[in-house]
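Letter by letter, the chains look like this.
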Amino acid sequence: MDLKNGLKGIKTKFRGLNSIRMKILDRLEIAEDTYEIRLKKPLNFTYKAGQYVSIIINDKVNDGRGKMRSFSLSSSPSNSKFISTCFRLPKKHSDFKNYLMKYPMGTEVSISGPRGKFILPESTEKLVVMIAGGVGITPFIGMIKFATETKSKQKIKLLYTDKSEKRIAYFDELVKLDRLNKNFSFNSRYKRVDPKFIIKNCDPSKVLFYVCGTPKMVTGVREMLLEMGVSKKVISFENFTGY
Ligand SMILES: Cc1cc2nc3c(=O)[nH]c(=O)nc-3n(C[C@H](O)[C@H](O)[C@H](O)COP(=O)(O)OP(=O)(O)OC[C@H]3O[C@@H](n4cnc5c(N)ncnc54)[C@H](O)[C@@H]3O)c2cc1C
C-alpha cells in the first residue's frame, strides 16, 4: 500500500455514489450481540459527530437487501486513527453482517458519505436530552465524546433504554464520560421510556429532544412527547430503518 493511498483513501463509485475504501482495523464485542467495527480513517475524511455513512461490501451479498447499509458513527470526529460504528448481530443475521464479521482485519470496504443532519445544535443554550433505544446509542456516543473532548458548554442528558443490562453498549465509556464532563449525565433503564421518566429527568418545555433507535421506538417516543405537549420543532430524530 503506498503512502498516497494511505493518506487519501482510494476513491471508487457505487451506483453513482462517490465512495472511499477503508480497511477494517478492529472488531469488538461491546455488549450482548452488539459489536463495534473500526475502520482506518484516511486523513481527508471529515464528518460531524452524529452523522452516518453507508458501508458497501465489495462482494456478492445474498440477503436480498443489497450490498449497502447505513450506519451512524460512534467515533468522535477528533479521532484521527479510525471511524467506528456499532451494530446488533441477531442470531439469525443478514449475509451483509456475516461479511462484516468474517472479513479478516485489513480487508477493505467502501464508505460513502458522511451524511445526515442529526448533529448537535449550534447554540449551547438549551439542555439536549438524548433518548436512545438500544443500538440507537451509536450517534449519541460520538456526540458525547466530541462534546467532552472539545470541552463544549453543551449540557447533555442521556436517557438510555434496552431490554437488559447485558445489552447496554458503551456503559464503561459512559461512566468515564460522566466523570470527565460536568455537563453530561446519563440514566439507563430496562423498560420503555414513559412520561414519568422524562419528567423525572428534565423539564420537557425547556429542552431539545434527540431520539434514536428502531423506527418503531422512534415513532413511539415521538408520539409520547407530542402527547405530553412538546413541540415537534424541538424533537430531532434518527430512524435506524432496516430493523
Ligand atoms: C441513517 C441510518 C443510520 C443507521 N445506523 C445504524 C447503526 O448505527 N447501527 C445499526 O445497527 N444499524 C443502523 N442502521 C440500520 C442499518 O442500516 C441496517 O438496516 C440494520 O442494522 C439491519 O441490518 P441488516 O439488514 O444487515 O439485518 P440484521 O441486523 O442482520 O437483521 C435484522 C432483522 O432481519 C432478520 N433477518 C436478517 N437476515 C435475514 C434473512 N436472510 N431472512 C430472514 N430474516 C432475516 C434478523 O433476524 C433480524 O430480525 C441505520 C439506518 C439508517 C437509515
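Residues numbered from 1 in each chain as written. Predicted model: local features only at pLDDT ≥ 70, side-chain atom pairs only at ≥ 80, totals over all residues.

1. Quick notes on the overall build of the chain
Tallying secondary structure elements over the chain gives six helices and twelve strands in all. By the compact-globule yardstick of 18 Å for 243 residues, the chain fits well, its C-alpha radius of gyration being 18 Å. With the C-alpha coordinates of the chain rotated into their principal frame, the extents come out at 55 × 40 × 35 Å. Considering only contacts in the chain between residues 6 or more positions apart, those separated by 24 or more positions represent 73%. (Helix = DSSP H or I, 4+ residues; strand = E, 2+ residues; numbered from the N terminus. Rg over C-alpha atoms; globule rule 2.2 N^0.38 Å. Contact = placed C-beta atoms within 7 Å.)

2. What to know about the site of the ligand
In the vicinity of the ligand there are 24 residues, among which Phe-87, His-93, Ser-94, Thr-138 and Gly-242 approach most closely. Among the secondary structure elements, those contributing two or more residues to the shell around the ligand are strand S5 (68–72), strand S6 (82–88) and helix H2 (95–102). For the shell around the ligand, the class distribution of residues is nine nonpolar, eight polar and seven charged. Counting contributing residues, the shell around the ligand receives three or more from each of domain 1 (3–115) and domain 2 (128–239). (Near = placed C-beta within 6 Å. Nonpolar A, V, L, I, M, F, W, Y, C, P; charged D, E, K, R; others polar. Domains from an automatic or database assignment.)

3. Observations concerning the pairing of S6
The buried fraction of S6 is high, at five of seven residues. As judged from the seven bridges shared by strand S3 (residues 34–40) and S6, these two strands associate in the antiparallel manner. Its bridge partner lying in S6, Leu-39 is registered against Ile-83. (Buried ≥ 20, exposed ≤ 12 C-beta atoms within 10 Å, placed from the backbone. Pairing = 2+ DSSP bridges.)

4. Here we look at the environment of Phe-45
If you trace the backbone, Phe-45 turns up in the loop between S3 and strand S4 (52–56). Residue class for Phe-45 comes out partly exposed when judged on the 18 C-beta atoms lying within 10 Å of it. Distance from Phe-45 to Pro-77, taken between C-alpha atoms, is 9.3 Å for residues 32 residues apart in sequence.

5. Focus on the environment of Thr-34
Structurally, Thr-34 can be placed in strand S3. Separated by 55 residues in sequence, Thr-34 and Leu-89 place their C-alpha atoms 5.9 Å apart. Setting aside residues up to four positions removed in sequence, Thr-34 forms contacts with Cys-86, Arg-88, Val-135, Arg-167 and Ala-169.

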